[in-house]
Amino acid sequence: MGLFDLFKRGDAHAAARTLDALEQSLAVIEFDLQGKVLRANKNFLSVMEYELSEIVGKPHAIFVPEDIRKSPDYETFWSDLRAGSFKSAAFPRITKSGRQVWIEATYNPVRDRKGKVVKIVKFASDITKRQEMLASFEGKVNAINRSQAVIEFDLNGTILDANDNFLSVMGYQLSEIVGKHHRLFVDRDYAKSQEYVDFWRELAKGNFCSQQFKRFAKGGKEIWIEASYNPIFDANGVPYKVVKYAIDITDQITLLTDLKKMIDNNFGEIDRSLSDLDQRSSDAYSSCEKTSANVQTVAAGAEQLAASISEISRSMAEARATTDQVFEKSIAAGASTEKMNEVVAAMGSIIDVIQDIAGQINLLALNATIESARAGEAGKGFAVVANEVKSLANQVAKATEQITSEIEGVQSISVEVSDVLGAIRNEVEGVLNNVTTISSAVEEQSAVTQQVSSSMQSMATSVEQFSSSVNFIRDASSAVQSNVGRTREAALVLAR
């Protein structure tokens, strides 16, 4: 029984309770037929942020956005109310602070006993949050419709509607597909499969599905889409249709398919290169091991050579010292020989004196012989003495001749000795110079050999490190081959 029926029956008390209930739950405001405010309850004042004194006598237009109140429809709206027409809708309104709110309202013409409209009563509810949520949902839906291909089906897969994006991708007019089944877009064998039946059965249960799908456009053109099939539920939570949101990814799939082919080709090249690298690394590692052994041998030989050269350097130093001594002694022997030559020369002078004396003795002996002959018998003894003297003089002459001969021999030998000693001194001096040069060279060679030995040791260490690096490269090559294999497997998903 309505409020009007209560008044007709004269049950004013019941009608008053009903109005009170409405006052408690709704925003209520009353206007005269010109749209001026007569009164408003607390709920209305709270929603619109006014005090009652601020709005009584003011026109309804103070609550209306400017674009609405200036439109012809606004005047028509009040004309209809004055004529007794009922208005019910969601309306945008402006609060005292200028904030826009939304109200779900009914404008109710109130008549007197004669049926004449005397005022307008509005009952309203604040639906701002709901309206903003609806606007958000509508905006999202519109955004999806602008950017994606959308098609709707009933739970059996029959097409209900599709937007322009979907029609453009699939090459159909809407009239060509509405009422047709979804199997129009799929492979014939797949459409006959149990998998396809199960697909729609799950959607009818309310389970959504999202993945990449291969579909066929008008004329059999192959299309790839990234799509989600979304069951839509009614107010009771029961699915009643399915909406599909899709994006055309045919170009991407084609690109990825080409990319996969290129990756396969590149991986083939990489496999061959890695195999070659592995072989070369193994060969290099073997060579490094041999080189390391050879370098170790050479390093050991270099150490022995360095020790030998050190010993030679020491011997050469001793030889140099000995040669210095020989040179000094040869100089001393030369000086002694010179003195001997001087003595021998002096002996020659003495021989000359002796020869003079021997000549004089011979002359005296001759004179004595002559005198003894003159003396006769008296001179016989003297003659004997003279003969003895003469004999002695002859012996002296002969001895002197022998001494002279010997001295001449000594002089000759002395000259030869002096010449030989000079030659020896020159040779020793040459040897000394050579020994000095060799000793310096050996010292330099010893230093170089030490450096060579040290360098060979460093080289041995470097070869060992290089060998280790080559071994690491070989292991890394094997690891890369393994990773390339796994990457190739992963690349299979690029072109499903």
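Above this note sits the structure.
A quick note: this is a predicted structure, and the numbers were derived from the prediction, not measured.

(A) Here's a closer look at the sheet that holds strand β7 (residues 159–162). Ordered by their spatial adjacency, 5 strands build an open sheet running β7-β6-β10-β9-β8, and the pairing between neighbours is antiparallel. Whereas interior strands pair on both sides, the edge strands pair on one side only; in this sheet they are β7 and β8 (209–216). Neighbour-to-neighbour, the strand axes of the sheet open up by a mean angle of 30°, direction not taken into account. Where β8 lies against strand β9 (residues 222–233), 8 bridges are found, and the strand directions are antiparallel. Residue S210 lies in a different strand from β9, and its bridge partner there is S228.

(B) Spotlight on the pairing of strand β1 (residues 27–31). When you tally the buried positions in β1, you get 5 out of 5 residues, the bulk of the element. Burial of β1 is two-sided: the residues A27, I29 and F31 facing one way and the residues V28 and E30 facing the other way are all buried. As paired elements, β1 and strand β5 (residues 117–126) share 5 bridges and run antiparallel to each other. Its bridge partner being in β5, E30 is matched across the sheet by V121. Direction of pairing for β1 relative to strand β2 (residues 37–40): antiparallel, over a ladder of 3 bridges.

(C) Main features of the environment of L364. Mapped onto the elements, L364 comes out in helix α12 (residues 250–375). On the accessibility criterion, L364 (57% relative accessible area) is exposed. Measuring from C-alpha to C-alpha, the distance between L364 and K390 comes to 8.2 Å, with 26 residues separating the pair along the chain.

(D) Looking closely at helix α6 (residues 72–82). Those residues of α6 not exposed but buried are Y74, F77, W78 and L81. Along the axis of α6, the buried residues cluster in a sector spanning 85°; they form a single face. Seen from the open side of α6, the exposed residues pointing more than 90 degrees away from its buried face are P72 and D73. Looking at the residues trailing α6, positive phi occurs at G84, about 100°.

(E) Structural context of the packing of aromatic side chains. Tallying each qualifying case throughout the model produces 18 aromatic pairs. With 5.4 Å between their ring centres and 80° between their planes, F44 and F63 make a pair best called edge-to-face. In this pair, F44 sits in helix α3 (residues 42–48) while F63 sits in the loop between α4 (52–55) and α5 (66–69), placing the two residues 19 residues apart along the sequence. Relative to W78, the ring of F77 has its centre 5.9 Å away and its plane inclined at 90°; by these criteria the two rings are edge-to-face. Since its relative accessible area comes to 4%, W78 is described here as buried.

(F) Molecular detail of the sheet that holds β5. Strand order in the open sheet formed by 5 strands is β2-β1-β5-β4-β3, with antiparallel pairing between adjacent strands. Pairing within the sheet leaves two strands with one partner each, and these edge strands are β2 and β3 (87–94). For this sheet, the mean inter-axis angle between neighbouring strands, taken without regard to orientation, is 30°. Pairing of β3 with strand β4 (residues 100–111) involves 8 bridges; the strand directions are antiparallel. Looking at β4, one finds that A89 is bridged to A105. Where helix α7 (residues 128–147) meets the sheet, it contacts β3, β4 and β5, and its direction lies at approximately 120° from that of β4.

(G) Representation of a nonpolar patch on the surface within the structure. Nonpolar side chains collect at one region of the surface, where M133, L134 and F137 lie side by side and expose about 300 Å² of accessible area between them. If you trace the backbone, M133 turns up in helix α7.

What counts, and at which threshold
- Residues numbered from 1 in each chain as written.
- Predicted model: local features only at pLDDT ≥ 70, side-chain atom pairs only at ≥ 80, totals over all residues.
- Heavy atoms only, no water.
- Pairing = 2+ DSSP bridges.
- Helix = DSSP H or I, 4+ residues; strand = E, 2+ residues; numbered from the N terminus.
- Axes fitted to C-alpha atoms, helices over the stretch in contact; angles between N-to-C directions.
- Buried < 20%, exposed > 50% of the residue type's maximum accessible area, 1.4 Å probe, protein only.
- Arc of directions from axis to C-beta.
- Phe/Tyr/Trp six-rings, centres within 6.5 Å; stacked < 30°, edge-to-face > 60°.
- Contact = heavy atoms within 4.5 Å.
- Patch = residues over 30% accessible without salt bridge, like charges linked within 9 Å, V, L, I, M, F, W, Y side chains within 5 Å.
- Areas by Shrake-Rupley, 256 points an atom, 1.4 Å probe, with all protein chains shown as cover.
- Salt bridge = Lys/Arg side-chain N within 4 Å of Asp/Glu carboxyl O.

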